[in-house]
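# Observations on the model geometry
Read off the chains here:
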Amino acid sequence: MAVSPSSNPPVKPPAHPSSGPSAAKPVAEAAAQSLPAETPDKTPSQDKEMLREQRHLVRMPSPGLFDDLGARLWRAVRQKAYASRFYDWRLRGRHPLKLLGCPVDPFPGDATAGAALHEGVLIAHGGRQGARLGIEQPDFWRRAARSPALSHKALGFSWLADLAMIKDQKRARVVAELLMRGWLDAFGRYHSEAWSAPLLAERLRHWLIHAPLILSSHDLVYRSAVLNSMARQARHLMRVLGDSVDGLPRVHAASGLILCGLYLPHGKAWRLRGEAALRRVLDRFVLADGGPISRRPEDLLVVMKLLVILRHAYDDRQEESPAYLQQCLDRMGPFLRALRHADGRLAHINGAGGEPPELIDLILAQSAAHGRALTNAPYSGLMRLNARQTLVIFDAMPAAPMAMSHRAHAGTLSFELADGPDPLVVNIGPVARAPTSHKSADQGGDERTDPYAADLGALVRTTAAHSTLILMDKNSTRIRNDHLGEGVSHIELERVEQPDALSITARHDGYRRRLKVDHQRRLSLSRRGDRLDGTDLCVAHGRLPRGGLPFHIRFHLHPAVSASITQGGRAVLLRLSHRHGWLFHLNPDDLDADDLDSELILEESVYMEAGQPVRCQQIVITGRFGGQGVVKGAAGRPVHWRFERLSAARPPGDKTITPPDPTLSSRP
């Protein structure tokens, strides 16, 4: 295939400096297991100045009803057995006298939460809007375990990282010992929730990392009880590792078992079992391009942090770390960079965007993954169009498997547009975890979820909360409580690189079973970065009603963007603070306004800034598809739209093509 100097080479699964022949097998297995029905198709264009790549992405199937029911029944039977005194006796073994060291966690805790613990209060999700509970209350652990907002933080002991941030470490040790004694009394024996595999593994990880806080007491009986509890929980974790839920929970469990094997005496068997389990789950969970099969960037951050901690632990114990740790990090680093805007924040795609840029910088630095941001993640479906200072991040990812779609969003074929560090078009983004009633938490009542926060948390996951098309106000993938139901399962994707433009065409089947329609979207960014052309099209897969299907194409604008309708309702003027503006056109090349069957309006919207709602505006195109009784295979009239920088804007109907800039870098 002849490729012009201004085009990129064909996109392949990323190669890594640390990978070799031994690394090829896990990568191939990840691709084969995670996307069994994927059919890549690279088609060389007849035009020597064009590079075209096509892919077909498929949603991973979930276990069948009977398989899932059988697994639940088996898990319930085992939990009954674990609660017996006989099983408690089986957890006995060698009593560790000391730890072999302490792993290092390079990721700091929350200083605000640490200061609250110093004052005797455990907080979660920000304090003012989050849950609060006094640690000196006699029933602290019972109430913490029943709190939806506090249970995971309390039982997982992640608050130890917050406590390690305060200056008064003497007070920190007193607080840690007080809570540790309470936990040993309340949950020292098996408890179905407190001893669940991922939570138990997280707790052991924090106990090992912050051992100086919990093992500095001169009470030898207390110290012995803590060490013995560590060993008992590690034995239980080894038994239940294979029964833990596949995906991120099993990554937690396997990494926790490895740490126990490295830092508890006589733990070699734990380490070997954990290493084998971690390799298997990473081969399934991390795709060949570095994206998680759950499609949630938040899961990617968690896995990267766990692998960094493990790599430091191997170095600290002067043990050789498995090669797959760094190979996974090398794949995930470029994918994470592909999600970033110029200001360092993550795009609001599938729940990402609430993380501070400083944390992303730290994770990437600690990972030692130096690969450049991917422009095309062919196994995940994440795309970037980058020309000069203009960046488009496009979500063409199929829905996550149902079992791994916890808090996932239904935003397929949405995009974000930024002009340098200034965001222009966005998705609403993730909301902070649902805050709870302070009064009930502090005064002894049962904690209740704030209904406003719960409604907002459900709203931001809908298709309407993303910059894409929505039909009949229905989500492209059904949202069932905390998980996704049926919807987008196949995506046809094509990326074309030409001397004057970069373009993506994607089509999903999320509405096919319910409304007999597919949604197709095409984006084309000029090489000069001054124009983004888009087309939204509905393709029928059956006869539609004569009244047609109402659609809305939404473009949520960042709060810093001021919008006003102009040109008789056919355009929107967008003004960015301290920068030049942009102009949005509806059907920019159609001069006959009387023939237009769609309408352009401005509506209010919200944007999640650090998880909190901020007022903003959204551009909405409304219309109907199939008003004349469209039959199977027919396509409705496409809706064309354009974002154009004002310095390059031309009157509607002017189709003059600007020649490419000869000084333009060949990098995307």
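Up top is the structure these notes are about.
Residues numbered from 1 in each chain as written. Predicted model: local features only at pLDDT ≥ 70, side-chain atom pairs only at ≥ 80, totals over all residues. Heavy atoms only, no water.

### A short note on the overall build of the protein chain
Check the secondary structure of the protein chain and you find 19 helices and 22 strands. For the protein chain, buried positions account for 55% of its 668 residues. Long-range pairs, those at least 24 residues apart, make up 71% of the contacts in the protein chain with a sequence separation of at least 6. Of the roughly 28,400 Å² that the protein chain leaves accessible, carbon and sulfur atoms contribute 53%. (Helix = DSSP H or I, 4+ residues; strand = E, 2+ residues; numbered from the N terminus. Buried < 20%, exposed > 50% of the residue type's maximum accessible area, 1.4 Å probe, protein only. Contact = heavy atoms within 4.5 Å. Areas by Shrake-Rupley, 256 points an atom, 1.4 Å probe, with all protein chains shown as cover.)

### Regarding helix α11 (residues 220–240)
Relative to the 30 Å expected for 21 residues at 1.5 Å per residue, α11 spans 30 Å between its end C-alpha atoms, a close match to the ideal helical length. The N-cap residue of α11 is Asp-219: its side-chain oxygen and the backbone nitrogen of Val-221 are 3.1 Å apart. (Expected span 1.5 Å × (residues − 1). Polar contact = N/O pair within 3.5 Å; in protein donor to acceptor, adjacent residues only side chain to side chain.)

### Quick look at the packing of helix α14 (residues 297–316) against helix α15 (residues 323–338)
Two packed helices can be described by the angle between their axes and the distance between those axes. Between α14 and α15, the shortest axis-to-axis distance is 10 Å and the interhelical angle comes to 145°. Handedness of the α14/α15 crossing: left-handed. In contact with Leu-300, Leu-301, Val-303, Met-304, Leu-307, Val-308, Leu-310, Arg-311 and Tyr-314 of α14, α15 contributes Leu-325, Gln-326, Cys-328, Leu-329, Met-332, Gly-333, Phe-335 and Leu-336. In terms of residue class, the contact of α14 with α15 is made up of 14 nonpolar, 2 polar and 1 charged. (Axes fitted to C-alpha atoms, helices over the stretch in contact; angles between N-to-C directions. Left-handed = near helix turned anticlockwise from the far one by under 90°. Nonpolar A, V, L, I, M, F, W, Y, C, P; charged D, E, K, R; others polar.)

### Some details on the pattern of salt bridges
Summed over the entire model, instances satisfying the criterion amount to 29 salt bridges. The shortest N-O distance in the salt bridge between Arg-296 and Glu-298 comes to 2.7 Å. Assessed through its relative accessible area of 24%, Glu-298 is described here as partly exposed. Note that Asp-533 is salt-bridged to Arg-531, the shortest N-O span being 2.8 Å. (Salt bridge = Lys/Arg side-chain N within 4 Å of Asp/Glu carboxyl O.)

### A short note on the sheet that holds strand β19 (residues 582–586)
Hydrogen bonds between backbone groups are what pair the strands of a sheet, and the pairing can be parallel or antiparallel. Spatially, 9 strands are ordered β1-β12-β13-β14-β15-β22-β19-β18-β17 in an open sheet, and the strand pairing comes out antiparallel. Taken across any chain shown, the strands that pair with only one partner, and hence form the sheet edges, are β1 (51–58) and β17 (561–566). On average, adjacent strands in this sheet sit at an angle of 15° to one another, irrespective of strand direction. Across 5 bridges, β19 lies against strand β22 (residues 639–645) in antiparallel orientation. In the sheet register, Leu-583 faces β22, and the bridge partner there is Glu-644. (Pairing = 2+ DSSP bridges.)

### A short note on helix α8 (residues 169–187)
Between its first and last C-alpha atoms α8 spans 26 Å; for 19 residues at 1.5 Å apiece the expected length is 27 Å, and the two agree. Turning to α8, its buried residues are Ala-172, Val-175, Ala-176, Glu-177, Leu-179, Met-180, Gly-182, Trp-183, Leu-184 and Phe-187.

### Concerning the pairing of strand β8 (residues 422–426)
Among the 5 residues of β8, 5 are classified as buried, and the element is accordingly described as predominantly covered. Between strand β7 (residues 415–419) and β8, which pair antiparallel one after the other, the connecting turn spans 2 residues, and Gly-420 there sits at a positive phi close to 65°. When β8 meets strand β16 (residues 549–557), the two strands line up antiparallel, connected through 2 bridges. By the bridge assignment, Val-425 is partnered in β16 with Leu-557.

### Quick look at the nonpolar core
In terms of nonpolar packing, the biggest core is built from 112 residues, with Trp-141, Ile-214, Met-230, Leu-278 and Leu-307 touching the most fellow members. Leave out the neighbours within four places in its chain, and Met-230 touches Leu-99, Leu-204, Trp-207, Leu-208, Ile-214 and Leu-264. Counting residues in hydrophobic clusters, the runner-up holds 50 residues, among them Leu-57, Ala-387, Ala-563 and Trp-641. (Core = buried A, V, L, I, M, F, W, Y, C linked by side-chain atoms within 4.5 Å.)

### A short note on the packing of helix α9 (residues 197–209) against helix α12 (residues 248–263)
Remark: α9 packs on α12, axes separated minimally by 8 Å, with the N-to-C direction vectors making an angle of 35°. Crossing of α9 against α12: the hand is left-handed. Side by side, α9 and α12 meet where Ala-197, Pro-198, Ala-201, Leu-204, Arg-205 and Leu-208 of the first sit next to Pro-249, His-252, Ala-253, Gly-256, Leu-259, Cys-260 and Tyr-263 of the second. Considering only residue class, the contact of α9 with α12 consists of 10 nonpolar, 2 polar and 1 charged.

### A look at the environment of Tyr-314
Here Tyr-314 is to be found in helix α14. Along the sequence, Tyr-314 and Pro-103 sit 211 residues apart, while their C-alpha atoms lie 8.8 Å from each other. Among residues more than four places away in sequence, those in contact with Tyr-314 are Ile-258, Leu-262, Arg-271, Glu-275, Glu-319, Glu-320, Ser-321, Pro-322 and Leu-325.

### Looking at the packing of aromatic side chains
Overall, the coordinates contain 20 aromatic pairs when judged by the stated rule. A centroid spacing of 6.4 Å and a plane angle of 85° characterise the contact between Trp-141 and Phe-187, whose relative ring orientation is edge-to-face. Residue Trp-141 is located in helix α5 (residues 140–146), and its partner Phe-187 is located in helix α8; the two are separated by 46 residues in the primary sequence. Of the residues examined, Trp-141 reaches a relative accessible area of 6% and is grouped as buried. Look at Phe-187 and you get buried, because its relative accessible area is 6%. Each member of the aromatic cluster is reached from another via a ring pair, and the members are Phe-140, Trp-141, Phe-157, Trp-159, Trp-183, Phe-187 and Trp-207. The ring of Phe-107 carries Lys-305 above its face, with NZ or CZ at 5.5 Å from the centroid. (Phe/Tyr/Trp six-rings, centres within 6.5 Å; stacked < 30°, edge-to-face > 60°. Lys NZ or Arg CZ within 6 Å of the ring centre and 35° of its normal.)

### Re the pairing of β19
Taking burial as the measure, the 5 residues of β19 include 5 buried ones, the bulk of the element. Alternating residues of β19 divide into Trp-582, Phe-584 and Leu-586 and Leu-583 and His-585, and every residue in both groups is buried. Inspection of the sheet shows strand β18 (residues 571–576) paired to β19 by 4 bridges, in the antiparallel sense. Following the sheet pairing, Leu-574 is matched in β19 by Trp-582.

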